[in-house]
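# Notes for the structure review
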Amino acid sequence: MRGMIVRRVLQSVPLLVLISVLVFALLQAVPGGPLAAYLENPNVRPQDIERLRVAMGLDRPLAAQYVSWLSAFVRGDWGYSFADGRPVLVRVFERVPATLELVGASTLLALCLALPVGVLASVHRLFDRITSFGAVAGISLPVFWFGLLLQLVFAITLGWLPSSGRASFGASSFADRLAHLVLPVVVLAAVQAAAWSRYLRRAMRETIGRPFMNAARVRGVSERGVLLRHALPNALGPFITVVLLDAAMMASGAVVTESVFAWPGVGSLFTESLVKRDYPVLMAFLMCGAIAVMVLNLLADIAVRSIDPRTRGTA
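What comes next is a walk through the structure. All of these numbers come straight from a predicted model, not from anything done at the bench.

Basis of the calculations
Residues numbered from 1 in each chain as written. Predicted model: local features only at pLDDT ≥ 70, side-chain atom pairs only at ≥ 80, totals over all residues. Heavy atoms only, no water. 1 Å grid on protein atoms, 1.4 Å probe; cavity = no way out; pocket = protein on both sides within 12 Å on 5 of 7 lines; lining within 4 Å. Points joined across faces, edges and corners; volume = space filled by probe spheres on them. Helix = DSSP H or I, 4+ residues; strand = E, 2+ residues; numbered from the N terminus. Nonpolar A, V, L, I, M, F, W, Y, C, P; charged D, E, K, R; others polar. Core = buried A, V, L, I, M, F, W, Y, C linked by side-chain atoms within 4.5 Å. Buried < 20%, exposed > 50% of the residue type's maximum accessible area, 1.4 Å probe, protein only. Contact = heavy atoms within 4.5 Å.

## Considering the layout of surface pockets
Its volume calculated, the largest pocket comes out at about 440 Å³. Along the walls of the largest pocket sit 21 residues, with Met 56, Arg 60, Trp 69, Phe 82 and Pro 280 positioned nearest its centre. Of all the secondary structure elements, the ones that give two or more residues to the lining of the largest pocket are α1 (2-29), α3 (46-56), α4 (62-74) and α14 (279-307). Considering every element that reaches the lining of the largest pocket, the biggest residue donor is α4, with four residues. Residue composition of the lining of the largest pocket, by class: 13 nonpolar, six polar and two charged.

## Focus on empty space enclosed by the protein
Take a probe with the size of a water molecule and roll it over the atoms, and the empty space left behind shows itself. Taken as a whole and assessed by the stated rule, the structure comprises one cavity of 30 Å³ or more. Looking at the largest cavity, its volume works out to about 30 Å³. Taken together, Pro 162, Ser 163, Ser 164, Gly 165, Ala 179, His 180, Leu 183, Pro 184 and Phe 261 form the lining of the largest cavity. When grouped by side-chain class, the residues that make up the lining of the largest cavity number five nonpolar, four polar and no charged.

## A few points about the nonpolar core
Ranked by internal contacts, the top residues of the largest apolar core, which has 22 residues, are Leu 27, Trp 69, Val 88 and Met 283. If you list the elements that add at least two residues to this core, you get α1, α4, α5 (88-93), α13 (266-275) and α14. Per element, the largest residue contribution to this core is nine residues, and it comes from α14. Contacts of Val 88, omitting those with residues within four sequence positions, involve Trp 78, Gly 79, Tyr 80, Ser 81, Pro 280, Val 281 and Ala 284. Of all hydrophobic cores here, the second largest spans 19 residues; its members include Trp 196, Leu 200, Ala 203 and Ala 216.

Written as C-alpha cells, this is what we have:
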C-alpha cells in the first residue's frame, strides 16, 4: 500500500507540470486579456496601459511568465489578483469554506438517497421501474434549468426559501444559513444521486449473479444477509471510486450551481475571474482542481484496496 501511494505521488508531479503548461497556454490563447477593459476606455492613456502591462509582468515573454509563475506557485506565492490586487491565496481560500459546505452537504444527501435506492432497485423489479424514471430525469435535467425552476417555485412563488446567497443581510442564525443551503444542495444532490443509484444498481446486479452468492444461500445465509454482507461490499468498490471522482469534480467548484444561486464559493470566483481574465486566480483555481482530482483519485484507490483484497496485488 505504501509503495503504491509513493508511486502515485511521484507520477502525479510530471502530470501536474503538464497540466499547468496546457492551462497556461490555453489562457494566453483566449482573446482579450486583463487590460481589455482599459483599451476600450478613452480616458485611459496609452502610457498608463503600458505601465499596467509592465506592473503585471505581461510585457515579458510567455516562457518567462510561466517559469516565474511556476517557481512562485511551488513556493506558496500564488501572486496577486489582477482584479483587486489582493493575494490570490487569500481570494481562493476565503471561498473554500462555502464550497466545502455546499459540496459536503450535497454529497451526504446524495449518498443517503443513492445507497438505499440502488440496493432496492437491484432486487425489486417494480421499485426499479419506478425509480428509473426519476433517475433518468435527474441525469437528463440541465443543472442551471433545474436550479432556476426551484428558485421560481420555492423562492419566488411560494416564498418558502431564499433564492440566493449564503445568508441574509444582517442575519447569522443557523436556521437562516440552513434555509439558504437547501435549494443548491437539492440541485447538486439530485443529479449525483440519480447517477450514483444507477451505477450501484448495476454493480449490485452483476455481483448478485456471481456463483459465490448461490454458495452463500446454500450455506443457509438469509436473503437479506446475502444482499448486505456479500453483494453490497463487493459492489461498493467501483461505487466508491465513482463517488470520490465526482466529489473531486464538485470540490473544484460547482460552477453552474454556485452561479445560479450566487453562492460565494470557488465556483463563482472562477466565473468572476474568467470574465475579468484574472490569470493568477484562474491558474490557482485550475491547479487546485487538478490536485483535488488526483488526491481523491488516490483516496479512491486506497479505499478500494482496503475493501477488496483481490486488488491488493495489482499495481
